[in-house]
Amino acid sequence: MTSRCTRVTLGVLATVFMIVPIASAQPGQPPQVGYVWPAGGQRGQSFEITVGGQRLSDKTELIVTGRGVQAEIVEYWRPATGKEIATVRLLQDQAEKQLKAELPDGKTPPRKEANALMVKLALEQGMTIDRLNAVRKFHSEKNDPKIQLNPQLSEVVRFKVTLADDAPPGTRELRVKTANGLSNPLRFQVGRLAELSETEPNDQADKATAVPQLPVVLNGQIKMGDVDHFSFEARKGQRIVADVNARRLIPYLADAVPGWFQAVVALHDEDGREVAYGDDFRFDPDPVLVFQVPHDGKYVLEIRDSIYRGREDFVYRVALGQLPFVSGIYPLGGQLGQQTQVAVAGWNLPDKQRNRTLSFDNTGRYPFKLPVGDDLAQRVTFDVSDLPQSDEHENNDEVARAEALTLPVVVNGRLAKPGDHDVFRIHATAGQIIVAEVIARRVGSPLDSRLRLTDAEGRTLADNDDHVDRGAGLVTHHADSLLSFEVPAEGDYLLWLSDVEDRGGRDFGYRLRVSEPRPDFELRVTPSAVNARNGATVPITVYVLRRDGFVGDVTLNLKDAPKGFQINGWLPSGVDSARLTLTVPAKPPQQLNTLQLEGIATINGHEVRRIAIPADNMMQAFIYEHLVPSESWTIDVESTRIAAVPWKFDAAEPLKLALGQDTDLRAVPAAKWLADQAQLELSDPPAGVSLQKTETIDHSLAMTLQADAAAAKSGLKGNLIFNVYLERQPPKDGDPKAATQNRRTLIGALPAIPFEIVGDQPAATGAEQSVVQQVE
């Protein structure tokens, strides 16, 4: 069943599934991965990688998107537990005491003999050499200044990876799979160049890892206080590029400031002089270093964190050599279905690649790629719009030379020099709404735009510097501007575009969309991997990115989904995000499923369909959250022998919750005994909405909901999700200290139920009005 935003006036019976008896809807905690090292390899080669994270196992599978990748597990390792560490400590003491008792008074037994006896005692108690080594590793690492112990990265799995000769180059997504489901994704790069991993110790230039030949991709990890060095030979006249991939491999770290590995690189000559340095590329934290070699000789590349932090997930890849690198293109986009001549800027570019002709059949943003190079990390994007295009003409930096625009239009322009600003003239009628949007930072331009709309006399009517676009999940400084303004009277108006720091130059390109509102929407669905047991219902979150004033309902549908998958819930008007539920088949599929969640809305009388982009809500530096896109929405359904039990709900959709009144809702399970034992609890309910009571009536669960008149908000729409618990008495094991309280186990969720709070909001009291006035 798919969710519908239309209101239902008659009772509807909806069949859903839930796992019983004691079984969670999700198959235990899924694995979590924090890094992969090396984070890529050369096609046609076999090599080992290490994946670090939590909740891994010796049955872990490696899953990489795209073709041409095979992997097999080599080794699984987990850290020593506190119990194992304590056991070894006790056995060590026991061994020393036993040996000391056999020696004359005052003699201390040799450490080697004591260790050997401790190992013997440990093996007799069932410990393995592997676990003893884990304890030794713990004691070694806790005193190592380069190692920062982190439980989130404590387990590792090594894989042997083989890349086919014809594996397409580029960035893939890597996940691991255990019996408990799929992990979050990591980035993994497949390239054409030879690969070289650092060899420790390489902290000093005289201990640098030797690079046998350029070009090459360097792989390494930065530990606490670490500095890595690589030495190579270069010839006079070469233009060496060192293109660092660090933040682009792991975009956000939740527990580090600024929220990623901030790499810096420096190049030194044979005498140790620093001849080049890079700590970023424009606004991109990953640096690019370009160096014109003055004479033949040996050079050393140094890479570290900007403030000498480090740990296992500070992973990098550096493409090093006389490599082609695109620093920018102009224009930054073109019109749908039309050919656009693009000038390409950069280093080591073949002459025939400095001018390209591009054409696309769908709107959107596309990574700009050269047919040469390794395609490891494109930093420039080409924007495609269906609106008419025009080119900005210079000397339009004064009112007298303002460039006249005919709406709608996308202007391709650039701020050609520092202090430059472009002025455009628009003729509008009274009541007309003008929307102006800059597309620059989101496609790779360093421009930090500012838009200002004035009347013909220069009076400012609207002004905008930064506009946050949640769809740009990898952007941390939302430097593109957007403004919307309703024109008060017919006449000419001026639109001014500038850089907030008065910068400019060849690379400061932009696309300026000027039009009346074009209502539209995008969708994001999280998480990008859903793990569930067969027949279970699990919560998901869908975000609506509303454009140009779109406020309408969005109907959700699983497009071409296999039988047994269903979505429940709605995205009503005015809501920017909502929790819904996904129910998976009772008979589990034989393989992973990739689903498409489709949103349907009516805009200006036309049906508009948009596919939700799968994403993960990643945290940056303890506080900020970003919707980071993923390649696919993947569902892993784990098989269990426990049957799924259908439930029926008798309710109108959306469920009307009257302010200050009780609302009844009934759920009927197919298994009669379940109604007597199941307990329901609202999951993350909206403010003021509560489950007052639940009682069993005729083998069904009758619920009473209430929307508190003081706390709930009239007109609020969304979805209610109920968690389902079963309670069991713990087994009697004869231990008087054993817990006697019943165990309450979460076994699943009921499908999301659309709701709307109705009724008049009570008038504020005099005291409440006084507080409101003081706040205002």
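Read on for an overview of the structure. Since the structure is predicted, the reported quantities are computational estimates derived from the model, not experimental observations.

1. Examining the overall build of the protein chain
Across its full length, the protein chain carries 5 helices and 58 strands. Taken along its principal axes, the extent of the C-alpha atoms in the protein chain is 105 × 85 × 55 Å. Within the protein chain, the fraction of its 776 residues that count as buried is 51%. Here the protein chain contributes 85 positively and 103 negatively charged side chains, and the mean placements of these two sets differ by 6 Å.

2. Notes on the sheet that holds strand S32 (residues 449–455)
Pairing is mixed across the open sheet formed by 5 strands, whose spatial order is S28-S30-S35-S32-S33. Where the open sheet ends on each side, the last strands, each with one partner, are strand S28 (403–404) and strand S33 (460–464). In this structure, strand S30 (residues 421–428) lies alongside strand S35 (residues 491–499), joined through 8 bridges in antiparallel fashion. Considered in S35, the bridge of His427 is made with Asp492.

3. Quick notes on helix H3 (residues 129–142)
Between its first and last C-alpha, H3 extends 20 Å over 14 residues, near the 20 Å set by a 1.5 Å rise per residue. Residues Arg131, Leu132, Ala134, Val135 and Glu141 constitute the buried set of H3. The inward-facing, buried residues of H3 abut strand S6 (69–77), helix H1 (82–101) and helix H2 (111–124).

4. Focus on the nonpolar core
Residues Ile49, Val51, Leu62, Leu174, Phe188, Leu218 and Phe232 are the most contacted members of the largest nonpolar core, which totals 72 residues. Element by element, the count of residues in this core is highest for H2, at 6 residues.

5. Observations concerning the environment of Ala678
Tracing the chain through its elements places Ala678 in strand S52 (residues 678–682). Ala678 sits in the buried class, given a relative accessible area of 9%. The sequence separation of Ala678 and Ala561 amounts to 117 residues, and the corresponding C-alpha distance is 30 Å. In this view, Ala678 contacts Trp647, Leu701, Val724, Tyr725 and Leu726; residues no more than four positions away in its chain are not counted.

6. Points about the pattern of salt bridges
Enumeration according to the criterion identifies 50 salt bridges in this entry. The shortest N-O distance in the salt bridge between Arg304 and Glu302 comes to 3.8 Å. Salt-bridge contacts for Glu522 lead to Arg524; the nearest nitrogen and oxygen are separated by 3.0 Å. When its relative accessible area of 29% is taken as the criterion, Glu522 is described as partly exposed. Linked through salt bridges whose partners overlap, the residues forming this network are Glu437, Arg442, Asp469, Asp480, Arg513, Glu522, Arg524, Arg547 and Asp548.

7. Brief notes about unusual backbone geometry
Of all residues except glycine, most have a negative phi; of all peptide bonds, most are trans. Looking along the chain, the bond that leaves Leu214 and enters Pro215 is cis, with omega of 0 degrees. Here Tyr330 and Pro331 are connected by a cis peptide whose omega angle stands at 0 degrees. Looking at where Pro331 falls in the secondary structure, it is placed in the loop between strand S21 (325–330) and strand S22 (333–335). Even without being glycine, Arg282 reaches a positive phi, approximately 60 degrees. Among the secondary structure elements, Arg282 is positioned in the loop between strand S17 (274–278) and strand S18 (288–292). The phi angle at Asn604 is positive, at roughly 50 degrees, despite the residue not being glycine. Among the structural elements, Asn604 can be located in the loop between strand S44 (597–603) and strand S45 (606–611). We classify Asn604 as exposed; its relative accessible area is 64%.

8. A short note on the side chain of Thr526
When you line up the elements, Thr526 lands in strand S37 (residues 520–526). Ignoring sequence-local partners within four residues, the contact set of Thr526 consists of Ile540, Thr541, Tyr543, Ala615, Asp616, Asn617 and Leu627.

9. Quick word on a nonpolar patch on the surface
Together, Val257, Phe622, Ile623 and Tyr624 line one region of the surface with nonpolar side chains, adding up to about 460 Å² of accessible area. Along the chain, the position of Ile623 falls in the loop between strand S46 (613–620) and strand S47 (624–629). Among the residues examined, Ile623 registers a relative accessible area of 56% and is labelled exposed.

10. Considerations on the environment of Gln98
The topology assignment puts Gln98 in helix H1. Among the residues examined, Gln98 registers a relative accessible area of 34% and is labelled partly exposed. In the structure, Gln98 is positioned 34 residues away from Leu132 in sequence and 20 Å away in space, judged by C-alpha atoms.

11. A short note on the packing of H2 against H3
Between H2 and H3, the shortest axis-to-axis distance is 10 Å and the interhelical angle comes to 130 degrees. Looking at the two axes, H2 sits oblique to H3. Two packed elements cross with a definite hand, and for H2 against H3 that hand is right-handed. Each of Met118, Val119, Ala122 and Leu123 in H2 lies in contact with H3, whose residues at this interface are Ile129, Leu132 and Arg136. The class makeup of the residues in the contact of H2 with H3 is 6 nonpolar, no polar and 1 charged.

12. Points about the side chain of Thr541
When you line up the elements, Thr541 lands in strand S39 (residues 537–547). Residue Thr541 is classed as buried on the basis of its relative accessible area, which comes to 18%. The contact partners of Thr541, leaving out residues within four places of it in the chain, are Arg524, Val525, Thr526, Ala578 and Arg579.

13. Topic: the packing of aromatic side chains
Counting across every chain of the model gives 9 aromatic pairs. Here the aromatic rings of Phe261 and Phe314 are separated by 5.0 Å at their centres, their planes lie at 25 degrees, and the arrangement is stacked. One end of the pair, Phe261, is in the loop between strand S15 (239–245) and strand S16 (263–268); the other, Phe314, is in the loop between strand S19 (297–305) and strand S20 (315–321), and 53 residues separate them in sequence. Take Phe261: its relative accessible area is 3%, and that puts it in the buried class. Judged by centre distance (5.4 Å) and plane angle (85 degrees), the rings of Phe281 and Phe325 are edge-to-face. A residue pair is termed long-range when its members are at least 10 positions apart, and Phe281 in the loop between S17 and S18 and Phe325 in strand S21 qualify at 44 residues.

14. A closer look at the pairing of strand S42 (residues 577–583)
A regular strand places its side chains on the two faces of the sheet in alternate fashion. The buried fraction of S42 amounts to 5 of the 7 residues, a majority that puts the element mostly inside the structure. Summarising the sheet, S39 and S42 pair through 7 bridges and their orientation is antiparallel. Pairing of Tyr543 across the sheet is with Ser577, part of S42. With 3 bridges connecting them, strand S41 (residues 566–568) and S42 associate as antiparallel partners. Counterpart to Ile567 in the pairing with S42 is Leu582.

Rules of the game
By convention here, each chain's residues receive numbers from 1 onward along its written sequence. Given that this is a predicted model, residues contribute local features only at a pLDDT of at least 70 and side-chain atom pairs are listed and counted only at 80 or more, while totals for whole chains, interfaces and linings are drawn from all residues. In computing side-chain values, all of the structure's heavy atoms are included and hydrogens and water are not. Only DSSP runs of H or I reaching four residues or more are called helices, and only runs of E reaching two or more are called strands; each is numbered from the N terminus. The buried label applies to any residue whose accessible area, calculated with a 1.4 Å probe on protein chains only, is under 20% of its type's maximum; exposed applies above 50%, and partly exposed to all values in between. We count Lys and Arg on the positive side and Asp and Glu on the negative side, and we leave His and both chain ends out. Working definition for charges: the position is that of NZ of Lys, CZ of Arg, CG of Asp or CD of Glu. Here, any two strands with at least 2 DSSP bridges between them count as paired. Given a helix with a known number of residues, its expected span is that number minus one, times 1.5 Å. Any two residues whose heavy atoms approach within 4.5 Å are treated as being in contact. Buried Ala, Val, Leu, Ile, Met, Phe, Trp, Tyr and Cys residues that are joined via side-chain atoms within 4.5 Å together make up what is termed a nonpolar core. Salt bridges are counted wherever a side-chain nitrogen of Lys or Arg sits within 4 Å of a carboxyl oxygen of Asp or Glu. Residues enter patches when they are more than 30% accessible in relative terms and free of salt bridges; like-charged ones are connected within 9 Å and nonpolar ones (Val, Leu, Ile, Met, Phe, Trp, Tyr) within 5 Å. Note on areas: Shrake-Rupley with a 1.4 Å probe; residue coverage comes only from the protein chains shown. Between N-to-C directions, angles cover 0 to 180 degrees, with each direction set by a line fitted to C-alpha atoms, over the stretch in contact for helices. Any angle that is under 35 degrees is reported as roughly parallel, and any over 145 degrees as roughly antiparallel; angles of 65 to 115 degrees are reported as roughly perpendicular and all others as oblique. In this scheme the crossing of two helices becomes right-handed for a clockwise turn of the near helix relative to the far one and left-handed for an anticlockwise turn of less than a right angle. Polar here means any residue other than Ala, Val, Leu, Ile, Met, Phe, Trp, Tyr, Cys and Pro, which are nonpolar, and Asp, Glu, Lys and Arg, which are charged; Gly is therefore polar. Aromatic rings from Phe, Tyr and Trp, taking only the six-membered ring of Trp, are treated as a pair when their centres fall within 6.5 Å; an angle between ring planes under 30 degrees marks them as stacked, one over 60 as edge-to-face, and anything in between as tilted.

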